[in-house]
Amino acid sequence: MSDEEKVRQDDAQYRAITEDQRLLSRCGPDGSLSFVSDGFCRYFGRARDELLGRSLLAFVPDEDRALVRKHVESLGPTNPAGMLEHRVIVGDDEVRWHRRFDQAHLDAQDRVVEIESVARDITDQRRVAAELRNRDATIRAFFESAAEGIVGVDREGRIVLINARIESMFGYRQDELVGQRVEMLVPERSRAPHARERTEYFRRPRARPMGLGMSLMGRRKDGSEFPVEVSLSFVADDDGGVAMAFVTDISDRINKERQVRHVEKLAALGTLAAGIAHEINNPIGVILSRIELMLMEAGEQESPGLPVTDLEVLQRQAKRLSRIAQGLLSFGRHKRESRPVDLVEIVEDTLLIARKQLERDGIKIVTSLETGLARVLGDATALEQVLMNLLLNARDAMPEGGTIRIETSPAPAQPGAVQLVVADTGMGMVPEVLKRLWEPFFTTKASGTGLGLSVSSTIIREHGGAVRAVSEPGKGTTFTIVLPAMSKDAS
Amino acid sequence: MNPRVLIVDDDEDLLDTLRRLLERFGYTCLTAASGAAAIAVLDALSPDLVVTDLHMPGTDGLAVARRARQAVPPIPVVVITAYPTRRMEQELQAVGGAIHLSKPFANADMVDAVRRALGSRDSGALTTR
């Protein structure tokens, strides 16, 4: 074979290979295909004679035809080459994406005689790009919707990015924060230590919580401070990296923790009080008995050598100590019975004990007791204690006498509940007193323990009920207790 | 003869006060300052009634009550306690029953309890308060 022949042969082989791979085609100005490479045929899944002579538009989906036609028609002397991305139909009905480079060939009169086209399939590329865009949108969505605030800070301590949560947490707009020193988000007193921590962090950056064991505070735009929890992470980049701070506002949690501690403290106090009460009851018992004995003996003597009035004073005070101890015991007591209880019986049993004493004090009792009420599941003794407490308080409010009205009925606003009302015509309470009514140890009476209503409200709460007090100075006070009742079938 | 009452309490002052009180009302009183001493007196002298504090170091009021109720015939018991609970009531029932009084008590209530306890001696039944 001569050299010339060899070159021709190699050339032909080369062209065959490249033609084979690439999507080459030529078409007339009307778009009808005049040449298609083997690669083109294989791509479209058709034999050469199925393609030649047909318009290239036949292989373009309807939605892109106008686009392709316009592109082909735009090729001319002023615009001899062009590129277009459009969809094509390959095989029977598969739609793929196609990028074409077209070159128009002109005749001597600058008319388009032929358009030569080289194309590539870009379906996968487009899908990947769409996925990236999607993922990017998803990441942004995550970032913005995070429950935590996210702050990105560079090596110099400047804020480089924040999410929406930071804006609402600190009360700043994004443009007020980005580019500023991150120290603007902490109280002034913390700024220097914070800056030091920050420089230290960049020396050895890693994911870790910030300020362990310290109570961290954030500072809002309006100057107010709030407790935060911060954990740190690091993202390396070409500029020295970005420290990411994940910030949580823990005001709610701190509040709840404080409440729990308060309840625990009260419970511990109750137990302590009960312990003291028991210890006290013993010597009080002896004192009371002894004084009673002495009074008995004094009463029998004609001219009492023993100082009776002194003994009576001692007896009164000892009884008062006993009442305090009793109050302390109730404060700590937790075990309650659980039986069906009739409100009307509670009232009647309590009045059995209290009525005489109250009438002696000039108090008139008026009752309006609806019978047949659904029963309450609970502790009769405890509920009698509550009623007794309310009656005694009412009496104390009426030193000149007055009327106490006791009512039982179904609770008007709450189906399935019953109501007990104790109303007096006494001196009433000012709002400041009304506000503190249920506090343990709060009392307006010189000889009061301040525990009666606190214990009563606890008892009512333990029964699943609620109590409300309404009062006006000079007009009297009304206590309304609502308790959930058992369903009629259960009792 | 006056009914004989054994009074048991580790608090000497209460012991003395109860003695004086019950003697006023015509009872002959024996005293014991501990559960162990009380049981010794029970066995030796068979009193008509035992009044005992419940919580005492060493042998407690419950043991004394049990011993008293095991005697033939069973001796009625009045138990004094600062802290009445359901569990305590159950324990007293378990040893044979006793009347119980809470501290601090009115003297009249103590005298009443003693009377009821002695009354039950004849009927044999003993109810808790």
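What counts as what
- Residues numbered from 1 in each chain as written.
- Chains lettered and ligands numbered in written order.
- Predicted model: local features only at pLDDT ≥ 70, side-chain atom pairs only at ≥ 80, totals over all residues.
- Heavy atoms only, no water.
- Helix = DSSP H or I, 4+ residues; strand = E, 2+ residues; numbered from the N terminus.
- Buried < 20%, exposed > 50% of the residue type's maximum accessible area, 1.4 Å probe, protein only.
- Contact = heavy atoms within 4.5 Å.
- Areas by Shrake-Rupley, 256 points an atom, 1.4 Å probe, with all protein chains shown as cover.
- Axes fitted to C-alpha atoms, helices over the stretch in contact; angles between N-to-C directions.
- Parallel < 35°, antiparallel > 145°, perpendicular 65-115°, else oblique.
- Nonpolar A, V, L, I, M, F, W, Y, C, P; charged D, E, K, R; others polar.
- Patch = residues over 30% accessible without salt bridge, like charges linked within 9 Å, V, L, I, M, F, W, Y side chains within 5 Å.
- Salt bridge = Lys/Arg side-chain N within 4 Å of Asp/Glu carboxyl O.
- Expected span 1.5 Å × (residues − 1).
- Bend = angle between axes of the 7 residues up to and from the residue.
- Buried area = accessible area lost by both parts, 1.4 Å probe.
- Phe/Tyr/Trp six-rings, centres within 6.5 Å; stacked < 30°, edge-to-face > 60°.
- Lys NZ or Arg CZ within 6 Å of the ring centre and 35° of its normal.
- Pairing = 2+ DSSP bridges.
- Core = buried A, V, L, I, M, F, W, Y, C linked by side-chain atoms within 4.5 Å.

(A) The arrangement of the overall build of chain A in detail. For chain A, the count of helices and strands is 14 helices and 18 strands. Counting the 491 residues in chain A, one finds 37% classified as buried. Within chain A, counting contacts between residues at least 6 apart in sequence, those at least 24 apart form 53% of the total. Accessible surface computed for chain A: about 28,600 Å², of which carbon and sulfur atoms make up 53%.

(B) Inspection of the overall build of chain B at higher detail. Counting its regular elements, chain B contains five helices and five strands. Sequence-ordered secondary structure for chain B, helices as α and strands as β, is β-α-β-α-β-α-β-α-β-α. Evaluated residue by residue, chain B yields a buried proportion of 48% over its 129 residues. In chain B, once contacts between residues fewer than 6 apart in sequence are set aside, the share between residues at least 24 apart is 63%. When the accessible surface of chain B is summed, it comes to about 5,700 Å², and 49% of that surface belongs to carbon and sulfur atoms.

(C) Broad picture of the packing of helix 2 (residues 35-45) of chain B against helix 3 (residues 61-70) of chain B. All names here are of chain B. Where helix 2 meets helix 3, the closest approach of the two axes is 9 Å, and the angle between their N-to-C directions is 10 degrees. In terms of their interaxial angle, helix 2 and helix 3 are classed as roughly parallel. Across the interface between the two elements, G35, A38, I39, L42 and D43 from helix 2 touch A63, V64, R67 and A68 from helix 3. Taken together, the residues of the contact of helix 2 with helix 3 sort by class into six nonpolar, one polar and two charged.

(D) Molecular detail of a nonpolar patch on the surface. On the surface, a nonpolar cluster with roughly 440 Å² of combined accessible area is contributed by L266(A), L269(A), L272(A), I276(A) and F441(A). Looking at the element boundaries, I276(A) is found in helix 9 (residues 251-300).

(E) Structural detail: helix 8 (residues 188-203) of chain A. All names here are of chain A. Under the 1.5 Å per step criterion, the end-to-end length of helix 8 is 24 Å for 16 residues, consistent within 8% with the ideal 22 Å. A bend of about 25 degrees at H194 is the largest found in helix 8. Of all the residues in helix 8, the buried ones are H194, R198, Y201 and F202. Contacts made by the buried residues of helix 8 are with strand 6 (149-154), strand 8 (208-209), strand 10 (225-235) and strand 11 (242-249).

(F) Representation of the interface of chain A and chain B in the model. At the junction of the two partners, chain A supplies 18 residues and chain B supplies 18 residues. Summed over both partners, the interface of chain A with chain B comes to about 1,700 Å²; 50% of that surface belongs to carbon and sulfur atoms. Broken down residue by residue, the surface that chain A buries against chain B is led by V286(A), R290(A) and L293(A), which jointly contribute 30%. Summed over the shared surface of chain A and chain B, the number is two salt bridges.

(G) Structural context of the packing of aromatic side chains. Residues and elements named next belong to chain A. Summed over all chains, the structure comprises seven aromatic pairs over all chains. A ring pair is formed by F202 and F234, whose centres lie 6.0 Å apart and whose planes are at 80 degrees; its orientation type is edge-to-face. A residue pair is termed long-range when its members are at least 10 positions apart, and F202 in helix 8 and F234 in strand 10 qualify at 32 residues. The buried category is assigned to F202, whose relative accessible area is 5%. For F234, a relative accessible area of 25% gives the class partly exposed. Three or more aromatic residues link up through ring pairs in this structure, and these residues are F40, Y43, F44 and F59. In this structure, R26 packs its charged tip against the face of F35, placed 4.5 Å from the ring centre.

(H) Quick peek at the sheet that holds strand 16 (residues 417-424) of chain A. All names here are of chain A. Taken together, the five strands give an open sheet; going across it, the order is 13-15-16-18-17, and neighbouring strands pair in mixed fashion. Because the sheet does not close on itself, it has two edges, and the strands there are strand 13 (363-369) and strand 17 (466-472). Looking at each pair of strands side by side, their axes are set apart by 10 degrees on average, direction ignored. Across the sheet, helix 11 (residues 343-360) is in contact with strand 13, strand 15 (402-410), strand 16 and strand 18 (476-484); its angle to strand 13 comes to roughly 170 degrees.

(I) Main features of the nonpolar core. Membership of the largest hydrophobic core comes to 38 residues, with the highest contact counts inside it found for L391(A), I404(A), I406(A) and L483(A). When residues of this core are traced back to their parent elements, those giving at least two are helix 11, strand 13, helix 12 (380-396), strand 15, strand 16, helix 14 (452-462) and strand 18 of chain A. Counting residues per element, this core draws most heavily on helix 12 of chain A, which supplies eight residues. Excluding residues that lie within four positions of it along the chain, I404(A) makes contacts with I363(A), K364(A), I365(A), V366(A), L391(A), A394(A), R395(A), M398(A), V422(A) and A423(A). With 24 residues, the next largest nonpolar core counts V286(A), L21(B), I99(B) and L101(B) among its residues.

(J) Focus on unusual backbone geometry. In this model, V72(B) is joined to P73(B) through a cis peptide bond whose omega is -5 degrees. Within the secondary structure, P73(B) sits in the loop between helix 3 and strand 4 (77-81). K103(B) connects to P104(B) through a cis peptide bond whose omega is -5 degrees. Its place among the elements puts P104(B) in the loop between strand 5 (99-102) and helix 5 (107-123). Positive phi, normally seen in glycine, also occurs at D110(A), with a value near 65 degrees. Tracing the chain through its elements places D110(A) in the loop between strand 4 (94-106) and strand 5 (112-121). Positive phi outside glycine occurs at S46(B), with the angle close to 40 degrees. Mapping S46(B) onto the fold places it in the loop between helix 2 and strand 3 (49-53).

Bear in mind that shape data such as this cannot, by itself, settle questions of function.
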